[in-house]
Amino acid sequence: MPLITYREALNQALAEELERDPNVLLLGEEIGQFNGAYKVTEGLLARFGPKRVIDAPISEAGFVGLGVGASMLGLRPVIELMFWSFYSVAFDQILNNAANIRYMSGGLINIPIVIRGPANGGTNVGATHSLTPENVCANHPGVKVVCPATAYDAKGLLKSAIRDNDPVMFLENTILYNDRSEVPAEEFLVPLGQADVKRAGTDLTIVAHGRAVMNSLKAAQLLDAEHDVSAEVVDLRSIRPLDEETVLASVRKTNRVLLVEENKPFCGVGAQLAYLIQEKAFDELDAPIKRVSAIDAPAIYSPPLEKEQLPNPQRIMTAALEML
Amino acid sequence: MTPKPSAIAEGKDPAPAAAASPASRAPINARLTKAERVDLYRTMMRIRRFEERALRAYQQGRIGGFLHLYIGQEAVAVGSCSVMQKDDHVITAYRDHGHAIAVGMSLNELMAELYGKATGCSKGKGGSMHFFDPSRKFWGGHGIVGGQVPLGTGIAFALKYRDIKGACLTFLGDGAVNQGAVHEAYNLAALWRLPVVFFIENNGYSMGTSQRRSSAGAGLAKRAEGYGMAWEVCNGHDLYEVREKTDRMLQLARDQQQPGLLEIMTYRYRGHSVADPDSTYRTKEEIENYRRTKDPLTLIHETLAAEGVLTPELAKEIDAAARAEADRAAQFAEESPFPQVGDICQDVYWEEDNPEHKRSQGRIFFD
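Thresholds, definitions, all that
- Residues numbered from 1 in each chain as written.
- Chains lettered and ligands numbered in written order.
- Predicted model: local features only at pLDDT ≥ 70, side-chain atom pairs only at ≥ 80, totals over all residues.
- Helix = DSSP H or I, 4+ residues; strand = E, 2+ residues; numbered from the N terminus.
- Rg over C-alpha atoms; globule rule 2.2 N^0.38 Å.
- Buried ≥ 20, exposed ≤ 12 C-beta atoms within 10 Å, placed from the backbone.
- Contact = placed C-beta atoms within 7 Å.
- Nonpolar A, V, L, I, M, F, W, Y, C, P; charged D, E, K, R; others polar.
- Pairing = 2+ DSSP bridges.
- Axes fitted to C-alpha atoms, helices over the stretch in contact; angles between N-to-C directions.
- Right-handed = clockwise from strand over helix to strand, strands pointing away.
- Core = buried A, V, L, I, M, F, W, Y, C linked by C-beta atoms within 7 Å.
- Domains from an automatic or database assignment.
- pLDDT = per-residue confidence, 0-100.
- Parallel < 35°, antiparallel > 145°, perpendicular 65-115°, else oblique.
- Left-handed = near helix turned anticlockwise from the far one by under 90°.

Participant: In this structure, what is going on with the overall build of chain A? I would like to understand it.
Facilitator: A count of helical and extended segments in chain A gives eleven helices and 14 strands. Computed over the C-alpha atoms, the radius of gyration of chain A is 19 Å, within 12% of the 20 Å expected from 2.2 N^0.38 for a compact globule of 324 residues. Overall size of chain A, expressed as C-alpha extent along the three principal axes, is 55 × 40 × 40 Å. Scored against the burial criterion, the 324 residues of chain A give a buried share of 60%. Taking contacts inside chain A between residues at least 6 apart in sequence as the whole, the part at least 24 apart equals 78%.

Participant: Help me understand the overall build of chain B in this model?
Facilitator: Scanning chain B from N- to C-terminus turns up 13 helices and seven strands. Since a compact globule built from 367 residues should have a radius of gyration of about 21 Å, the 21 Å found for chain B is in line with a globular shape. Here chain B holds 367 residues, and the buried ones make up 54% of them. Contacts spanning at least 24 positions in sequence make up 75% of the contacts within chain B whose residues lie at least 6 apart.

Participant: Would you take a moment to explain the interface of chain B and chain A for this structure?
Facilitator: A common way to state how big an interface is: give the accessible area lost once the parts meet. Counting from both sides, the interface comprises 42 residues of chain B and, opposite them, 43 residues of chain A. Residue assignment for the side of chain B that touches chain A shows that the elements contributing at least two residues are helix H6 (148-161), helix H7 (180-191) and helix H13 (350-353) of chain B. Of all the elements, H6 of chain B adds the most residues to the side of chain B that touches chain A, at nine residues. By residue class, the composition of the side of chain B that touches chain A is 20 nonpolar, 14 polar and eight charged.

Participant: Would you take a moment to explain the sheet that holds strand E14 (residues 290-292) of chain A for this structure?
Facilitator: Strands in a sheet are paired, the pairing made by backbone hydrogen bonds, and the direction either parallel or antiparallel. All names here are of chain A. Read from one edge of the open sheet, five strands run E9-E11-E10-E13-E14, paired in mixed fashion. Of all the strands in the sheet, just strand E9 (196-199) and E14 have a single pairing partner and so form its edges. Strand-to-strand, the axes of this sheet are offset by a mean angle of 25 degrees, without reference to chain direction. Sheet topology note: the E9/strand E11 (residues 231-235) ladder contains three bridges and is antiparallel. Counted as the bridge partner of arginine 199 is valine 233 from E11. Strand contacts of helix H7 (residues 211-227): E9, strand E10 (204-208), E11 and strand E13 (257-260), with the helix running at about 170 degrees to E11, the strand carrying the most contacts.

Participant: What should I look at first to understand the pairing of strand E2 (residues 168-173) of chain B in this one?
Facilitator: Along any regular strand, the residues point their side chains to alternate faces of the sheet. Residues and elements named next belong to chain B. Buried residues dominate E2, accounting for six of its six residues. Residue alternation in E2 divides its side chains into two sets, Cys168, Thr170 and Leu172 and Leu169, Phe171 and Gly173, and both sets are buried. Summarising the sheet, strand E1 (residues 89-91) and E2 pair through three bridges and their orientation is parallel. Counterpart to isoleucine 91 in the pairing with E2 is threonine 170.

Participant: Which parts of the structure should I look at to understand the pairing of strand E6 (residues 230-235) of chain B?
Facilitator: Residues and elements named next belong to chain B. Summarising the sheet, E6 and strand E7 (residues 260-265) pair through six bridges and their orientation is parallel. Looking across to E7, one finds that valine 233 is bridged to glutamate 263. For the crossover from E6 across helix H9 (residues 239-256) to E7, the handedness is right-handed.

Participant: Can you help me understand the nonpolar core in this one?
Facilitator: Of all hydrophobic cores here, the largest spans 208 residues; its most connected members are Val146 and Ile206 of chain A together with Met111, Ile155 and Val197 of chain B. The dominant element in this core, judged by the number of residues it contributes, is helix H2 (residues 34-59) of chain B, at nine residues. Counting the residues that make up this core, at least three belong to each of domain 1 (3-182) and domain 2 (196-323) of chain A. Filtering out sequence-adjacent residues up to four positions away, isoleucine 206 of chain A remains in contact with Ser216, Ala220, Ala231, Glu232, Val233, Val234, Leu258 and Val260 of chain A.

Participant: Explanation requested: the confidence of the model for chain B in the structure shown.
Facilitator: Reading predicted coordinates in detail is not appropriate for stretches of low pLDDT. Residues and elements named next belong to chain B. Predicted confidence across chain B gives a mean pLDDT of 94, with 95% of residues reaching 70 or more. Note on residues 1-18: pLDDT is under 50 here. Beyond four places in sequence and across chains, it has 25 contacts. Two numbers describe this predicted complex: its pTM, 0.95, and its ipTM, 0.97.

Participant: Just checking my understanding: could you explain the sheet that holds E2 of chain B for this structure?
Facilitator: Residues and elements named next belong to chain B. Taking strand neighbours across the sheet as the criterion, the five strands line up as E1-E2-E3-E7-E6 in an open arrangement whose pairing is parallel. Strand pairing shows two members of the sheet lacking a second neighbour, E1 and E6, which therefore form its edges. When the angles between neighbouring strand axes are averaged without regard to direction, this sheet yields 20 degrees.

Participant: Would you take a moment to explain the packing of helix H3 (residues 74-82) of chain B against H9 of chain B for this structure?
Facilitator: The angle between the axes and the distance between the axes are what describe a pair of packed helices. All names here are of chain B. Closest axis-to-axis distance for the H3/H9 pair is 8 Å, and the angle between their directions is 40 degrees. It follows from the interaxial angle that H3 and H9 lie oblique. Read as a crossing pair, H3 and H9 show a hand that is right-handed. For the pair H3 and H9, contact is made by Ala75, Val76, Val78, Gly79, Ser80 and Ser82 and by Leu239, Val242, Arg243 and Thr246, respectively. For the contact of H3 with H9, the per-class residue count stands at five nonpolar, four polar and one charged.

Participant: Would you explain the environment of proline 118 of chain A in this entry?
Facilitator: Residue and element names in this part refer to chain A. Structurally, proline 118 can be placed in strand E5 (residues 114-118). Given 23 C-beta atoms within 10 Å, proline 118 falls into the buried group. In this structure, the C-alpha to C-alpha distance between proline 118 and serine 130, residues twelve residues apart in sequence, is 9.2 Å. With residues up to four places along the chain from it excluded, the contact list for proline 118 reads Tyr38, Phe83, Trp84, Glu172, Asn173 and Thr174.

Participant: Can you help me understand the domain arrangement of chain A in this one?
Facilitator: All names here are of chain A. By domain assignment, chain A separates into domain 1 (3-182) and domain 2 (196-323). Spacing between the C-alpha centres of domain 1 and domain 2 amounts to 26 Å. Contact with domain 1, which involves 23 residues of that partner, is made by 23 residues of domain 2. Residue assignment for the side of domain 1 that touches domain 2 shows that the elements contributing at least two residues are helix H5 (134-138), strand E6 (144-146) and helix H6 (151-163).

As C-alpha cells, then:
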C-alpha cells in the first residue's frame with residue numbers, strides 16, 4: 001500500500017473530487033499560481049485550470065461569503081483558509097450565514113461548502129496565527145466539524161466532506177502535513193461521525209483529536225515502555241457529528257478517561273466530552289475525568305515555551321500517571 | 001403613526017397629473033400593456049396594505065421581534081423585480097417584505113411567517129427578516145447588515161461559472177455601504193467580472209444615523225469608480241425610472257459581465273423597525289413632505305390615470321382587494337398552528353432531513 005504524506009493525501013482527495021464533480025471548485029489565497037502556502041494544492045491549477053482553482057484576494061469575508069452564496073445555487077466550493085485563525089475575519093459568513101441559512105429558510109436551502117486549512121499552534125507564529133477553533137465551530141448547529149490526524153483519515157474525510165451537503169469545517173495541521181501513513185490507491189471514504197481506536201489498551205482511555213492524537217500515541221508508547229501502563233487511544237476524527245458510542249465503549253472497558261486537546265480548556269471539545277461521559281458512563285468511572293488542554297493563555301511565541309503550552313507527550317504521560 | 005391614505009386612495013379626484021416621467025418613454029416601459037401597468041400598481045398596493053396590516057398585527061402582539069417595514073419604498077422592489085428575466089436572481093437584507101411580494105410569494109405564507117406559524121414560508125423558523133423562495137430565485141431575507149452582499153456576489157459567480165446568462169440583483173441599504181464585507185464583494189465582483197448589480201436603497205438613514213453622518217466621500221454609488229464598476233443614481237419614487245435604470249444595469253451585467261452599482265433614492269415612512277423612536281432623527285414635516293410630493297403609489301396612480309389606464313373605480317377596487325387579501329392573510333396566520341418542539345431540530349442539517357441519503361454517523365445534536 002502506498003505510503004504518502006498527509007499533504008499528498010489532501011492533494012489527492014482534492015484532485016479526485018475535482019475530477020469527479022464539475023461543481024467542485026477550489027477558492028483561497030495563493031492556492032493556484034503559488035501552489036498553496038503549504039503546497040496542499042500543488043499542481044491543481046496546472047491540471048484543472050483557473051476556472052476550478054481560483055486565487056482569491058485577501059478578503060476572507062468576501063470570498064467565504066461568495067462561496068456560501070455560490071453553494072446556494074449548487075456549486076460545491078472548497079474554500080481554503082490559509083490559517084484557520086483567519087476564520088474570525090469571516091466569522092459572520094461562516095457561523096451566521098453558512099450555519100443558519102438552511103434553518104432560517106425552513107429547510108429550503110442547503111450550503112454544501114467545505115472550509116479547510118491548518119488549525120494549529122506549535123510553529124512559533126504567535127497568538128493570532130495559532131487558533132484551533134474546532135470547539136467554537138462545533139458550538140454552532142448547522143455546521144459539521146472534522147479534525148483528521150493521519151494521512152489516511154485526511155484523504156477519506158476530505159472526500160466525504162466535499163460530498164456532504166452541509167457546511168463542513170475541516171481543520172488540518174501544518175505539523176502533520178509531512179507525516180506519512182499507508183493510504184490505499186483505490187478510492188475510499190471515511191464517514192463523518194466515526195471515531196477510530198488508534199491504539200487498543202486496557203488501563204485507561206485517552207480521547208484526542210488532531211495532532212493531540214499523535215502526541216497521545218507517543219505518550220502511550222512511553223507509558224507502556226516505562227510504566228507498564230496500557231493506554232487506549234481513541235481518535236475522534238470528527239467533532240460534530242461525534243462518535244459517542246466508540247468513546248463510551250472505551251470508557252466501559254478501561255474505567256478511566258484522559259481527554260487531550262490542543263484547544264483551550266474553557267468550553268473546549270473536552271468540556272463537552274466530559275459532560276457526555278459522566279452523563280452516560282458515570283458508574284463506569286473509577287476516577288474523575290482528567291484533561292490536558294493547551295495552557296490557558298494566548299499562544300506564546302517563545303519556541304520552548306510554546307512546546308510546553310501545548311499537550312506534549314510528557315504532559316500527557318504525567319496526567320495519565322496521576323490517574324492510576 | 002398610521003400613514004394617512006392619499007386622497008386618491010380614498011376615491012377623491014386626483015390632483016393634477018404629474019408631468020410624465022421621461023422614463024415612461026423608454027422601451028422597457030413604453031411596451032408595457034395596460035394590464036401590465038395595472039398589475040405593477042396592484043403589486044405596489046398589495047405591499048403597502050400588507051405592511052400596514054402587519055404593523056397592526058405587530059401592535060396587537062401577534063408578531064415578535066423586529067418588523068422592518070417597506071412602506072414608502074414600494075416602487076423600488078416592484079420596479080426592479082419586474083424587469084428580472086428568467087435567469088436573474090435577487091437577494092436583499094432584512095427589509096424584505098416588498099421584494100418577497102414583488103417576486104410573487106403569497107401573502108398567506110408571509111404573514112404566517114411573521115406570526116411564527118408552521119405554515120410560514122420558513123416554517124416559522126426565520127421571521128420577518130428571513131423570507132426565502134428559491135423557486136422564485138429569491139434568496140432572502142438576511143439580518144446582518146451587509147452580510148448578504150458577498151452572498152449575492154456568490155450567486156452571480158455561480159451563474160457565470162455555469163455559463164448562465166443571468167444577473168444577481170443584490171440589495172443593500174445606505175447603512176450597509178461602509179461594511180467591510182461590502183467592499184470585499186465590490187472588489188471581487190469587479191475583479192472577476194461577475195454579473196451582479198448592487199442596488200443601494202438609500203432611504204437616508206441607517207436606523208437613526210443619516211447618510212450624511214455615516215458616509216465619507218462624494219456619493220454612495222460613486223464609490224464604484226474606485227473599483228472600476230459602472231454606477232448610476234435613480235429616483236426611487238418613480239416606478240418607470242427604477243425599471244429603466246435597473247434594466248440597463250442588468251443588461252450590462254448579463255451581456256457584458258460588467259457589475260454595477262445603482263443607488264436608488266427612496267424613503268421610509270415608518271422607523272427603521274417598528275420600535276424605532278424616529279423623532280430623535282427626523283421631523284414629522286420631513287415625512288409628510290415626502291408623502292405629499294413623492295409617495296410612489298400616489299405618483300404611479302397619477303401617471304396611470306393620465307395614461308388612461310387607471311380609473312378611480314379600478315383604483316378603489318385594487319385598494320379594497322389588497323386590504324381584503326392582507327386581512328385574509330392575517331386570518332390565515334391567526335388560524336395556523338405553531339411549530340412543535342420536535343420541529344426545532346429539523347431543517348438544521350440536510351443529511352438529517354434526508355435520512356435515506358445520509359452517509360455520516362454519530363451524534364449531531366446534543367443536550
